[in-house]
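Spelled out, the chains give:
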Amino acid sequence: MIAAPPPSPPAVETLTIQPANGRWLVTSSDGLFEGVFTDAKSAVQCARAQAETHPGHMLVLGG
C-alpha cells in the first residue's frame, strides 16, 4: 500500500494596504484581489475580511 503524501500547507499570500493619491489601495500578492478605498478604516476592514476568508493570507501595511 502506498501512503498518501502529507497535505501541503496553504500558500502564504499578502494583502498590502498603502496610500495612493489621496485614496487607499488594497492589493493581493497573487494579483487576484485589488480595491481602492476613500479611507484607511474601510481598506483595513475589507483586507481583514479577505484575510479571514482565505487561510494563509496576511495583512501588510505599506508606506
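In short, a report on the structure. Since the structure is predicted, the reported quantities are computational estimates derived from the model, not experimental observations. (Residues numbered from 1 in each chain as written. Predicted model: local features only at pLDDT ≥ 70, side-chain atom pairs only at ≥ 80, totals over all residues. Heavy atoms only, no water.)

Let's talk about the pairing of strand β3 (residues 34-37)
- Where burial is concerned, the two faces of β3 differ: the one with Gly35 and Phe37 is buried and the one with Glu34 and Val36 is not.
- Inspection of the sheet shows strand β2 (residues 23-28) paired to β3 by four bridges, in the antiparallel sense. Bridging from a neighbouring strand, Val26 pairs with Gly35 of β3.
- In sequence, β2 turns back onto β3 through a hairpin of five residues, with Gly31 there showing a positive phi of about 80°. (Buried < 20%, exposed > 50% of the residue type's maximum accessible area, 1.4 Å probe, protein only. Helix = DSSP H or I, 4+ residues; strand = E, 2+ residues; numbered from the N terminus. Pairing = 2+ DSSP bridges.)

Considerations on the side chain of Ser28
- You can see Ser28 is positioned in strand β2.
- Since its relative accessible area comes to 9%, Ser28 is described here as buried.
- Here the side chain of Ser28 touches Asp30 through a polar contact of 2.6 Å, side chain to side chain.
- Engagement of the side chain of Ser28 in a polar contact is seen with the backbone nitrogen of Phe33, the distance being 3.0 Å.
- Those residues in contact with Ser28 that sit more than four places away from it in its chain are Thr14, Leu15 and Phe33. (Polar contact = N/O pair within 3.5 Å; in protein donor to acceptor, adjacent residues only side chain to side chain. Contact = heavy atoms within 4.5 Å.)

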